[in-house]
Amino acid sequence: MTDLHRLSIRELSEGLASAKFSSRELTEHYLKRIEKIDAQVKSYVTVTAEQALAQADAADAALKAGNATPLTGVPIAHKDIFCTQGIKTTAGSKILDNFISPYDATVVAKGKAAGLVTLGKVNMDEFAMGSTSENSYYGATANPWNLSHVPGGSSGGSAAAVAADLAPFATGTDTGGSIRQPASFCGLTGLKPTYGRVSRFGMIAYASSLDQGGPMARSAEDCAYLMNVMAGHDAKDSTSVEKDVDNYVANLNGTSVKGLRIGIPKQYFNVAGLDADVKARVEESLKKLEEMGATLVEIDLTMTDAYVPTYYLIAPAEASSNLQRFDGVRYGYRCENPVDLMDLYKRSRSEGFGAEVQRRILIGTYALSAGYYDAYYVKAQKVRRLIQQDFLKAFESVDVIAAPAAPTTAYKIGANLSPVEMYLGDIYTIAVNLAGLPAINAPVGFDKDNLPVGLQLIGNYWSESQLLSVVHQYQQATDWHTKRAAIAEENV
Ligand code: GLN
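Quick summary incoming for the structure in this document. In every chain, residue numbers begin from 1 and rise along the written sequence. Local features in this predicted model are restricted to residues of pLDDT 70 or higher, and side-chain atom pairs are both shown and tallied only at a pLDDT of 80 or more, whereas totals for entire chains, interfaces and linings draw on every residue. Side-chain metrics rest on all non-hydrogen atoms present in the structure, leaving aside hydrogens and water.

Details of the overall build of the protein chain
Broken down by element type, the protein chain carries 16 helices and 11 strands. What the globule rule says is 2.2 Å times the number of residues to the power 0.38, and the radius of gyration is computed from C-alpha atoms. Computed over the C-alpha atoms, the radius of gyration of the protein chain is 21 Å, within 12% of the 23 Å expected from 2.2 N^0.38 for a compact globule of 492 residues. In what follows, a contact means two residues having at least one pair of non-hydrogen atoms within 4.5 Å. Long-range pairs, those at least 24 residues apart, make up 76% of the contacts in the protein chain with a sequence separation of at least 6. Each accessible area is a Shrake-Rupley result for a 1.4 Å probe, and residues are judged covered by the shown protein chains and nothing else. In the structure as shown, the protein chain presents an accessible area of about 18,100 Å², 51% of it carried by carbon and sulfur atoms. As used throughout, the charge tally considers Lys and Arg to be positive and Asp and Glu to be negative, leaving His and the chain termini uncounted. Where a charge sits is defined by one atom per residue type, namely NZ (Lys), CZ (Arg), CG (Asp) or CD (Glu). Between the mean site of the 46 positive side-chain charges and the mean site of the 54 negative ones, the protein chain shows a separation of 2 Å. What counts as a helix is a DSSP run of H or I of at least four residues, what counts as a strand is a run of E of at least two, and both are numbered from the N terminus.

Quick look at the structure:
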């Protein structure tokens, strides 16, 4: 079969179970596509062909023996932030260029246990700091919809790989939008789960109180399959929550759009810099949901102006602390010929970290320093609570909240926005992380340059099933999620 990359996860699962094709065939098909197409997209940092084929053969044996899970033999790409035993894990950084983890992240281990086949590790902004994937030591990844544009970030490699049909789905992480924004830029569905739903063990930390892993795929249905594997308590991560996991696939039709109250924050649609096409497509998608029976309710999110400054104090503060461990001593990059220990620390870090990471370490260290701690960090924590309360108040009168995922479509590669301009682009996604809420992006059309636009739906705590279900039904009634970039159509 030459079009295995066109199949949804459910179709792959059914095809493997009924032996229409084998996992080896499917894996070889994807590896061949990566070999032929990824030179243009540059989504993979590491391709693990040999291991993938061995995993595929093991999956085929399990399928034959009748002890397969629904995902046995299905290929996946992992964001290069998830530790993979025996395979390089770089987090997009020079400082981890030679790092091979001695253990698997829980998300990776769960994937293996479910029989997933790892195609490789995909590109990202260094330590997940960024919105374009250009902050990677491994170079920029291209947006499959237009190769001179970025795929978004930080999970840009995950998004580009799926949008170019170089993986059927991928893992991502979201600290301030890094699943939703690249999903939006690449025309995909991506879910940022409630904080604590997915284990962070073995997921290289950026800002620990905000980081959360989640699925990126072509549809809500595909995401639901991956959520069934990723979600759940983990004794190795004390912030993962002991709470029953839903069967996200079984629940895909569990929430009716009829009667669903969708909150429209009036502050969100008057943001300076909101692109007219993005606004129009999002409004059209809301109209469609209204036709399907939802009610649109105007709401007030009064803290909107505080999102960017609050996030850009808390995230760098946590990052400056988390990144102290990269010192060139036990693993990772070490500078040449250090004269003493201080020189080793200083030069290993100056040479090993890129500019944006160094900027965040500086901001974070400043915000946490004795003289400024109360004025910046503590204040930001207080504002963070107000932002959370703003959402909780809104959820007293609505079921979900709608927003664009980003104010614009994908930037041009090399657009070279100033740091502050870049940070302002995170306005619609970061508050969700500050509050720990779940949110999903769904593709809802294109701008005048044929670049994808995304609708974001924010849910109350633990409402992943509801979000997936609402998007699933929208996707049953529309076909935006079936559109493919020209490069993905290429048969190899
Ligand atoms: N763009 C945001 C940042 O640079 C979010 C990144 C993320 O979610 N990892 O921090």
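What to know about the site of the ligand
By nearness alone, 15 residues border the ligand, and Ala128, Gly176, Ser178, Tyr206 and Tyr311 come closest of all. Interatomic distance of 2.8 Å between a side-chain N/O atom of serine 131 and a nitrogen atom of the ligand. The contact in question runs from an oxygen atom of the ligand to an N or O atom on the side chain of serine 178, over 2.6 Å. Gly is placed with the polar residues, together with every amino acid not listed as nonpolar (Ala, Val, Leu, Ile, Met, Phe, Trp, Tyr, Cys and Pro) or charged (Asp, Glu, Lys and Arg). Residue classes in the shell around the ligand are distributed as 5 nonpolar, 7 polar and 3 charged. By convention in these notes, a residue is near a molecule or strand provided one of its non-hydrogen atoms lies within 4 Å of it. For this analysis, a polar contact is any N or O atom pair within 3.5 Å, provided that within protein one partner can donate a hydrogen and the other can accept it, and provided that sequence-adjacent residues contribute only side-chain to side-chain pairs.

Remarks on the environment of isoleucine 314
If you trace the backbone, isoleucine 314 turns up in helix H9 (residues 307-322). Burial here depends on accessible area, computed with a 1.4 Å probe over protein chains only, as a share of the maximum for the residue type. Under 20% is buried, over 50% is exposed, and the range in between is partly exposed. When its relative accessible area of 0% is taken as the criterion, isoleucine 314 is described as buried. A C-alpha to C-alpha distance of 6.6 Å links isoleucine 314 and tyrosine 377, two positions 63 residues apart in sequence. Here isoleucine 314 is in contact with Ser209, Leu210, Ala380, Gln381, Arg384 and Leu434, once residues within four sequence places are set aside.

Quick notes on the side chain of asparagine 143
Mapped onto the elements, asparagine 143 comes out in the loop between strand E3 (117-122) and helix H5 (156-163). In this structure the side chain of asparagine 143 is engaged in a polar contact, spanning 3.0 Å, whose partner is the backbone oxygen of valine 150. Each residue touching asparagine 143, except ones within four places of it in the same chain, is listed here: His149, Val150, Pro151, Phe185, Cys186 and Ala410.

Interpretation note: all reported values are geometric properties and have no functional meaning in isolation.
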